[in-house]
Amino acid sequence: LDFTLSEAPVPAHRLFPAHIVEAPEGSVFETCAPAADVIDEICARLAPYKGRALIIDYGHARSGLGDSLQAVRGHHYWPPLKAPGHADITAHVDFEALVRAAMTSGALVYGPTSQGDLLERLGLNARAEALLRAGADRASLAAASKRLAADTEMGAIFKALCLSSPDMPPPPGFEG
């Protein structure tokens, strides 16, 4: 396996946000056109049922340049195309692209916001205090809370996005 250039021209005006189209030659921009189809399907399912979809993953709030495709094997970085099937392959989510697709499909969009901000607005600190009063181990609870919400941990790396069918109030944690 190897990375190659596309044999056909890529219609930049359709796939890339305006601030990416003028990137210097040689820049890397990851895109996933089928993601828009998935968002369309999710929004179509939400509309008649007054439903919501909550998407939480690591990624960027704004589309940007750079290669986020990566692989991990044995808890270490690994070349993504070396030994297929023997490493976990992943890429950062482009939340801006998801927002554009959801808005095009007619969904109400809340976020993206950082996981840490969302958890704090949903009462992470109050929940931690309740667990401490119930006898939870202070050190392990503090470490878990920090890992989930701190800007130096998952709290900033992970983003949360809520897609909602029209005519619904803002979801908890996404108000204001």
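What this report covers is the structure whose coordinates are included nearby. Not measured: the values here are computed from a predicted model.

## Notes on the environment of Trp78
Stage number 1. Along the chain, Trp78 turns up in strand E3 (residues 76–78).
Stage number 2. Put simply, Trp78 and Asp88 are 10 residues apart on the chain and 8.9 Å apart in space, counted from C-alpha to C-alpha.
Stage number 3. Residue contacts for Trp78: discarding those within four places in its chain leaves Ala71, Val72, Arg73, Ala83 and Ala87.

## Examining the environment of Ala87
Stage number 1. In this structure, Ala87 sits in the loop between E3 and strand E4 (88–90).
Stage number 2. With relative accessibility at 19%, the residue Ala87 sits in the buried group.
Stage number 3. Each C-alpha atom, one on Ala87 and one on Thr31, is 22 Å from the other, the two residues being 56 residues apart in sequence.
Stage number 4. Those residues in contact with Ala87 that lie beyond four places of it in its chain are Ala71, Val72, Arg73 and Trp78.

## Let's talk about helix H7 (residues 138–149)
Stage number 1. Taking 1.5 Å of rise per residue, 12 residues should cover 16 Å, and H7 covers 16 Å from first to last C-alpha, within 8% of that figure.
Stage number 2. All of the buried residues in H7 are Leu141, Ser145 and Ala149. The arc that holds the buried residues of H7, viewed along the axis, is 40°, so those residues lie on one side. Exposed residues lying more than 90 degrees from the buried face of H7 are Ala139 and Arg147.
Stage number 3. In this structure, the buried residues of H7 make contact with helix H5 (115–121), helix H6 (124–133) and helix H8 (154–157).

## Some details on the packing of aromatic side chains
Stage number 1. Inspection of the entire model under this criterion finds one aromatic pair.
Stage number 2. Residue placement shows Lys82 over the ring face of Trp78; its charged tip is 4.9 Å from the ring centre.

## Focus: the sheet that holds strand E1 (residues 52–60)
Stage number 1. With mixed pairing, the four strands of this open sheet are ordered in space as E5-E1-E7-E6. Two strands in the sheet have a free side with no partner beyond their single neighbour: strand E5 (93–94) and strand E6 (108–114).
Stage number 2. Sheet topology places E1 next to strand E7 (residues 158–164); seven bridges connect them, and they run antiparallel. Bridge assignment links Tyr58 to a residue of E7, and that residue is Phe158.

## Some words on the sheet that holds E3
Stage number 1. Read across the sheet, three strands follow the order E3-E2-E4 without closing on themselves; strand pairing throughout is antiparallel. The open sheet has two edge strands, E3 and E4, and neither has a second partner. On average, adjacent strands in this sheet sit at an angle of 35° to one another, irrespective of strand direction.
Stage number 2. Where strand E2 (residues 70–73) lies against E4, three bridges are found, and the strand directions are antiparallel. Bridging from a neighbouring strand, Ala71 pairs with Ile89 of E4.

## Describing H6
Stage number 1. Taken together, the buried positions of H6 are Leu124, Ala128 and Leu132. Relative to the axis of H6, the buried residues are bounded by an arc of 75° and lie together on one face. Facing away from the buried side of H6 by over 90 degrees, the exposed positions are Ala126, Arg127 and Arg133.
Stage number 2. The secondary structure elements touched by the buried residues of H6 are H5 and H7.
Stage number 3. Once H6 ends, the next one or two residues include Gly135, with phi positive near 105°.

Reading the values: the criteria
- Residues numbered from 1 in each chain as written.
- Predicted model: local features only at pLDDT ≥ 70, side-chain atom pairs only at ≥ 80, totals over all residues.
- Heavy atoms only, no water.
- Helix = DSSP H or I, 4+ residues; strand = E, 2+ residues; numbered from the N terminus.
- Contact = heavy atoms within 4.5 Å.
- Buried < 20%, exposed > 50% of the residue type's maximum accessible area, 1.4 Å probe, protein only.
- Expected span 1.5 Å × (residues − 1).
- Arc of directions from axis to C-beta.
- Phe/Tyr/Trp six-rings, centres within 6.5 Å; stacked < 30°, edge-to-face > 60°.
- Lys NZ or Arg CZ within 6 Å of the ring centre and 35° of its normal.
- Pairing = 2+ DSSP bridges.
- Axes fitted to C-alpha atoms, helices over the stretch in contact; angles between N-to-C directions.

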